[in-house]
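# Commentary on secondary and tertiary structure
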Amino acid sequence: IKFNPLLAWVSIGVICLLCGFGIYVGRFLRYNSWDVLKRPLSLTADMLTSFSQSTPLGITLGFGCFLFLLFNMFYSAKNKPQKSYHEKSIRQKTK
């Protein structure tokens, strides 16, 4: 996110949606990671037929948005500006 923040956030959103589709493929189509090498034609055919249905789209969007919100929550908690001990002690003395 240091170079172009808009490009970074769009990339993170796309990655979260791809992860959501991966969750759909694993949970509902019941494929594992080694099936990419073991049964690539069957996996490709099932993935292409799933694009014509509405359920995979909803699951992909649901999990993708959930992952994006989780990432955003952890990112904002990590990058939240915190007051130093020195700033806190100065404010207490001026009150």
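The structure reproduced in this document is the subject of the present report. (Residues numbered from 1 in each chain as written. Predicted model: local features only at pLDDT ≥ 70, side-chain atom pairs only at ≥ 80, totals over all residues. Heavy atoms only, no water.)

## Quick word on the packing of helix H1 (residues 5–27) against helix H3 (residues 40–50)
For any two helices packed against each other, the geometry comes down to the angle between their axes and how far apart the axes lie. In plain terms, the rule: The axes are straight lines fitted to the C-alpha atoms, using for helices just the contacting stretch, and the angles between their N-to-C directions are given from 0 to 180°. Secondary structure elements are taken from DSSP: a helix is a run of H or I of four residues or more, a strand is a run of E of two residues or more, and numbering for both begins at the N terminus. An angle below 35 degrees is treated as roughly parallel, one above 145 as roughly antiparallel, one from 65 to 115 as roughly perpendicular, and anything else as oblique. Note: crossing handedness is left-handed where the near helix turns anticlockwise from the far helix by less than a right angle, and right-handed where it turns clockwise. In what follows, a contact means two residues having at least one pair of non-hydrogen atoms within 4.5 Å. Three classes are used, and their members are as follows: Ala, Val, Leu, Ile, Met, Phe, Trp, Tyr, Cys and Pro are nonpolar, Asp, Glu, Lys and Arg are charged, and the others, Gly among them, are polar.
Running from N to C, H1 and H3 point in directions that differ by 115 degrees, and their axes come no closer than 12 Å. Relative to H3, H1 is oriented roughly perpendicular. Crossing geometry of H1 relative to H3 is assigned as right-handed. Across the interface between the two elements, Phe21, Tyr24 and Val25 of H1 pack against Leu43, Met47 and Ser50 of H3. The class makeup of the residues in the contact of H1 with H3 is 5 nonpolar, 1 polar and no charged.

## A word on the packing of H1 against helix H4 (residues 55–78)
Remark: H1 packs on H4, axes separated minimally by 7 Å, with the N-to-C direction vectors making an angle of 130 degrees. Here H1 lies oblique to H4, going by the angle between them. Here H1 and H4 pass one another in a crossing that is right-handed. On H4, the residues that touch Trp9, Ile12, Gly13, Cys16, Leu17, Cys19, Gly20, Phe21, Ile23 and Tyr24 of H1 are Pro56, Ile59, Thr60, Leu61, Phe63, Gly64, Leu67, Phe68, Phe71, Asn72 and Tyr75. The residue inventory of the contact of H1 with H4, partitioned by class, reads 16 nonpolar, 5 polar and no charged.

## Observations regarding the packing of aromatic side chains
For clarity, the cut-off: When two rings of Phe, Tyr or Trp (its six-membered ring) have centres within 6.5 Å they constitute a pair, described as stacked for plane angles under 30 degrees, edge-to-face for angles over 60, and tilted for the intermediate range. Residue exposure (1.4 Å probe, protein chains only): buried if accessible area is under 20% of the type maximum, exposed if over 50%, otherwise partly exposed.
This model, assessed by the stated rule, comprises 7 aromatic pairs. Judged by centre distance (5.3 Å) and plane angle (85 degrees), the ring pair of Trp9 and Tyr75 falls under edge-to-face. Taken together, the positions of Trp9 in helix H1 and Tyr75 in helix H4 put the pair 66 residues apart, joining distant regions of the chain. Of the residues examined, Trp9 reaches a relative accessible area of 24% and is grouped as partly exposed. The exposure class assigned to Tyr75 is partly exposed, which follows from its relative accessible area of 29%. Ring plane angle 15 degrees and centroid distance 6.0 Å describe the contact between Phe71 and Tyr75, whose orientation is recorded as stacked. A residue pair is termed a helical-turn pair when its members lie 3 or 4 positions apart in one helix, as Phe71 and Tyr75 do in helix H4 at 4 residues. The exposure class of Phe71 is partly exposed, given its relative accessible area of 32%.

Limitation: the analysis is restricted to geometry and does not speak to function.
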